[in-house]
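Descriptive structure summary
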Amino acid sequence: MLGFKVKSKYGVVIIGLASIIVILIGVNIWLYYNSIPVTNNTKAFNVTLSDWTARWWKWAFSFSGYYNNPLLDPNGTSVMKFQPPNQPVFFLSGAYNSVGNRTVTISADKGILFPVLNGEISFLDLPNATNQADLKKALDSDIAAATYIGAELDGKEIQFQRIHAPLFDINYAKDNILSTNKSGPTQAVSDGYWVYLAPNTIPVGEHILHIKGEQPFYRSEVTYKLSIQVQSNGTTMLTELKK
């Protein structure tokens with residue numbers, strides 16, 4: 001904006017300088033986000049975080065119809081209603097290319113997993129792809145396009161981590177909102193920036209969680225009002241899942 005307000009022979013120089021600054025900022029953002037170490041082998045309940053993110057994607061694609069998918073949940077009802085049964089990790093979702101405000105209640109003995117900005121691609125998306133490397137290459141450019149990634153709990157920044165999920169089986173529900181022209185079984189890979197909070201990380205009580213991820217043509221921003229309650233039956237869940 002500064003360049004367009006200058007009425008002098010130096011206007012072009014200022015506009016050019018502003019453009020260079022924007023480019024440098026963009027390069028710095030790209031270098032920062034792409035320098036974050038990949039965390040694939042850390043485990044929660046005997047399952048790697050990489051596998052948990054794959055399970056998250058299977059969950060996200062399991063819904064038919066516009067109004068059932070937690071990614072479009074206007075208030076938190078769907079996020080609460082459609083949690084995978086008997087699972088020790090609670091899935092939160094972003095807001096699919098939108099801004100949302102949600103209220104959810106989570107037992108303190110649950111782990112919490114959510115994406116800040118993530119992506120997934122399958123052989124149904126790329127019918128000409130022949131292997132995992134083809135899928136990963138196509139997805140890398142999308143993830144690298146991130147312009148903002150951030151999460152805050154009660155106003156304090158939360159450290160996110162980059163997690164890849166190698167080839168996994170997935171079944172797209174018919175008329176799912178993310179891929180309305182594709183359904184059925186296939187294989188996919190995923191990548192992105194995630195936060196995993198171990199059980200009892202967030203104190204019992206009321207909290208505000210803010211999640212925001214942006215790309216040039218995509219935005220996901222959601223504010224959660226979290227009610228963390230005492231563990232089920234007053235004890236910590238010790239369930240271990242097998243792959």
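These numbers come from a predicted model, not from an experiment.

1. Points about the overall build of the protein chain
A count of helical and extended segments in the protein chain gives 5 helices and 12 strands. Going through the 243 residues of the protein chain one by one, you find that 45% of them count as buried. Restricting to contacts in the protein chain with at least 6 residues of sequence separation, those with at least 24 account for 70%. Just so you have it, the protein chain exposes about 13,100 Å², and 57% of that area is on carbon and sulfur atoms.

2. Observations regarding the side chain of His 207
Structurally, the position occupied by His 207 is in strand β11 (residues 205–215). His 207 gets classed as buried once you look at its relative accessible area, which sits at 11%. Engagement of the side chain of His 207 in a polar contact is seen with the side chain of Asp 154, the distance being 2.7 Å. Contacts of His 207, omitting those with residues within four sequence positions, involve Leu 153, Asp 154, Ile 202, Tyr 224, Lys 225, Leu 226 and Ile 228.

3. Re unusual backbone geometry
The phi dihedral of Phe 45 falls on the positive side, at around 55 degrees, and the residue is not glycine. Mapped onto the elements of the fold, Phe 45 is located in the loop between β1 (43–44) and β2 (47–48). Residues other than glycine seldom take positive phi values, yet Asn 86 does so here, at roughly 55 degrees. Examined against the element boundaries, Asn 86 turns out to sit in the loop between α4 (77–81) and β3 (89–91). Given the relative accessible area of 74%, Asn 86 is considered exposed.

4. Overview of the pairing of strand β6 (residues 148–153)
Where β6 meets β11, 6 bridges bridge the pair, whose relative direction is antiparallel. The residue bridging Ile 149 from the neighbouring strand is Gly 213, located in β11. Strand direction decides the pairing type here: β6 and strand β7 (residues 156–157), joined by 2 bridges, are antiparallel. When the bridges of β7 are listed, Leu 153 appears paired with Lys 156. Linking two consecutive strands that pair antiparallel, namely β6 and β7, is a turn of 2 residues; a positive phi of about 55 degrees is found at Asp 154 within it.

5. Thoughts on the side chain of Ser 50
With respect to the secondary-structure elements, Ser 50 resides in helix α3 (residues 49–60). Here His 164 takes part through its backbone oxygen, which lies 2.6 Å from a polar atom of the side chain of Ser 50.

6. Quick word on the packing of aromatic side chains
Applying the stated criterion across every chain, the model contains 11 aromatic pairs. Taking 5.9 Å as the distance between ring centres and 85 degrees as the angle between the ring planes, the aromatic pair formed by Trp 59 and Phe 63 counts as edge-to-face. Phe 63 shares its class with Trp 59; the two are buried. Linked through ring pairs, Trp 52, Trp 56, Trp 57, Trp 59, Phe 61, Phe 63, Phe 82, Phe 91, Tyr 172 and Trp 194 together constitute an aromatic cluster.

7. Things to note about the nonpolar core
Leu 92, Phe 114, Val 116, Leu 209, Tyr 224 and Leu 226 are the most contacted members of the largest nonpolar core, which totals 33 residues. Among the elements of the structure, β4 (98–107), β5 (111–122), α5 (132–144), β6, β10 (184–197), β11 and β12 (218–229) are those that each provide at least two residues to this core. When residues of this core are assigned to their parent elements, the largest contribution, 5 residues, is made by β5. Setting aside residues no more than four positions away along its own chain, Leu 226 makes contact with Leu 92, Val 104, Ile 106, Leu 153, Ile 202, Gly 205, Glu 206, His 207 and Leu 209.

8. Observations regarding the confidence of the model for the protein chain
For the protein chain, per-residue confidence averages 80 on the pLDDT scale, and residues scoring 70 or more make up 77% of the total. Segment residues 1–38: pLDDT under 50, and 26 contacts once partners within four positions in sequence are set aside and those in other chains are kept.

Criteria and thresholds
Residues numbered from 1 in each chain as written. Predicted model: local features only at pLDDT ≥ 70, side-chain atom pairs only at ≥ 80, totals over all residues. Heavy atoms only, no water. Helix = DSSP H or I, 4+ residues; strand = E, 2+ residues; numbered from the N terminus. Buried < 20%, exposed > 50% of the residue type's maximum accessible area, 1.4 Å probe, protein only. Contact = heavy atoms within 4.5 Å. Areas by Shrake-Rupley, 256 points an atom, 1.4 Å probe, with all protein chains shown as cover. Polar contact = N/O pair within 3.5 Å; in protein donor to acceptor, adjacent residues only side chain to side chain. Pairing = 2+ DSSP bridges. Phe/Tyr/Trp six-rings, centres within 6.5 Å; stacked < 30°, edge-to-face > 60°. Core = buried A, V, L, I, M, F, W, Y, C linked by side-chain atoms within 4.5 Å. pLDDT = per-residue confidence, 0-100.

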